[in-house]
Amino acid sequence: MRVYFLSCAPAVLKLNGLYVGRVDGFERHIELDPADRVLAEIVPGGNLQAVNFFLDEEFFACPPDFADVYLLENDALVYVREYGEKDVKLKVIYQTRFCGNLITVFSQGGAYLSCEGAKYTLTPLPAQFFNCRAEQHTLAGRDVLALYGGNKLIVISDAGKVIFKNTVESAEFGDSLFVRAPFETCTAAKAECTYSYDGERLTQTGGKTVETKPPEPNVAHFAFFESVLTCGDFEKYLDDSLKHKAGDLKSYLGNFVSVTVPTEKFYTLHRDIAAAGLVYPLKRNLYEVKYFAVEMQNGKITNLSPVDN
């Protein structure tokens, strides 16, 4: 079994106590048998906590909270998504009183949002909120508090309830909420969404996906699958002979949540086919990657089919 490693922060990989190499945003891999129960330790820099786990059948069936596991045919990819801070002292990052609520962003091994009012809630936050700023706005005539951490936005109602939490490029508050959110796609696509607000919850009332640049010809098939995923104008990638089946594509491809580049091993086995990996959730932190290939003529897709293992 080939196991690939990725890390959200630069780190080193140790197996059974022996240094193996660096892991970061580029795939590194080893060959192993899960029956051997190899002990893996991934040690990041930046005074972050190391993580360790046995690479066994239990790990690949039920990953821990800090890691995502992707099953790739007979192989697997392990992505360490987060590390704990070694400094676990309580530190207030931002605090304010808002509409009778005490709103606090603080760190204690991780970033958290505390809302104390008629009710109390505690929400784990992404690491971007270690640097936080806040703005008060009026949305549909009601006061709301917007917390920004990098490109992450959280909106809190006047009742102290989190009503929005997502990645955004920009946000506009008024009679409704309008957000522009970037997708990590070949076409630098953006979602433009509008939400109404009734004082309790947001309801999406409109939305469209805008592709801001054309894809390079050699990645057009990736752009197609990404366009299906993001509800873009994917029909423009299809040949006229296939457009009558466009309405069936979503049910045919299923509920995939991201698109990935096949591994080097995939291309060794399947040669130079135009294929992409579609990622399907199996359970919490566990995903399966299925590969689909396309046939193209004159820059348009004339056929697509799953790739046999």
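Residues numbered from 1 in each chain as written. Predicted model: local features only at pLDDT ≥ 70, side-chain atom pairs only at ≥ 80, totals over all residues. Heavy atoms only, no water.

Engineer: Is there a simple way to think about the sheet that holds strand β18 (residues 177–182) in this case?
Structural biologist: Sheet strands line up and pair through hydrogen bonds in the backbone, either parallel or antiparallel. Across the sheet, four strands lie side by side as β17-β18-β19-β20; this open sheet has antiparallel pairing. Looking at strand neighbours, the two that pair on one side only are β17 (170–173) and β20 (202–210), the edges of this open sheet. Here the strands of the sheet are splayed against their neighbours by 15° on average, with no regard to which way each runs. The pairing of β17 with β18 spans four bridges and is classified as antiparallel. Each bridged residue has a counterpart across the sheet, and for Glu172 the counterpart in β18 is Phe178. (Pairing = 2+ DSSP bridges. Helix = DSSP H or I, 4+ residues; strand = E, 2+ residues; numbered from the N terminus. Axes fitted to C-alpha atoms, helices over the stretch in contact; angles between N-to-C directions.)

Engineer: Can you help me understand the environment of Asp240 in this one?
Structural biologist: Following the sequence through the fold, Asp240 ends up in the loop between α2 (220–229) and α3 (249–253). For the pair Asp240 and Ile301, spaced 61 residues apart in sequence, the C-alpha to C-alpha distance is 9.0 Å.

Engineer: Please explain the sheet that holds strand β16 (residues 162–167) as it appears in this structure.
Structural biologist: One open sheet holds the four strands; their spatial order is β13-β14-β15-β16, and the pairing between them is antiparallel. Each end of this open sheet is capped by a strand with a single partner; those strands are β13 (133–139) and β16. Between one strand and the next, the sheet's axes are offset by a mean angle of 20°, whatever the strand orientation. In the sheet, strand β14 (residues 142–149) pairs with strand β15 (residues 152–156) via five bridges, with the strands oriented antiparallel. Residue pairing in the sheet places Leu147 in a bridge with Ile154 of β15.

Engineer: Would you explain α2 in this entry?
Structural biologist: Three or four residues apart is the spacing at which side chains of an α-helix point the same way, because the helix has 3.6 residues per turn. Counting buried positions along α2 gives nine out of 10 residues, so the element sits mostly inside the fold. Turning to α2, its buried residues are Ala220, His221, Phe222, Ala223, Phe224, Phe225, Glu226, Ser227 and Val228. Tucked into the core, α2 has its buried residues touching α3, β21 (258–260), α4 (264–270), β22 (275–283), β23 (286–297) and β24 (300–306). One or two positions beyond α2, positive phi appears at Cys231, with a value near 60°. (Buried < 20%, exposed > 50% of the residue type's maximum accessible area, 1.4 Å probe, protein only. Contact = heavy atoms within 4.5 Å.)

Engineer: Mind showing me how you'd approach the pattern of salt bridges here?
Structural biologist: Proximity of charged atoms lets side chains of opposite charge pair with each other. Evaluation of the coordinates by the stated rule reveals 14 salt bridges. Glu192 is the salt-bridge partner of Lys208, the closest N and O atoms lying 4.0 Å from each other. Note that Lys208 is positioned in strand β20 and Glu192 in strand β19 (residues 190–197), a separation of 16 residues in sequence. Relative accessible area serves as the criterion here: at 51%, Lys208 is assigned to the exposed category. Among the ionic pairs, Lys243 bridges to Asp240, the shortest N-O distance being 3.7 Å. Residues participating in the shared-partner salt-bridge network are Arg22, Asp24 and Arg28. (Salt bridge = Lys/Arg side-chain N within 4 Å of Asp/Glu carboxyl O.)

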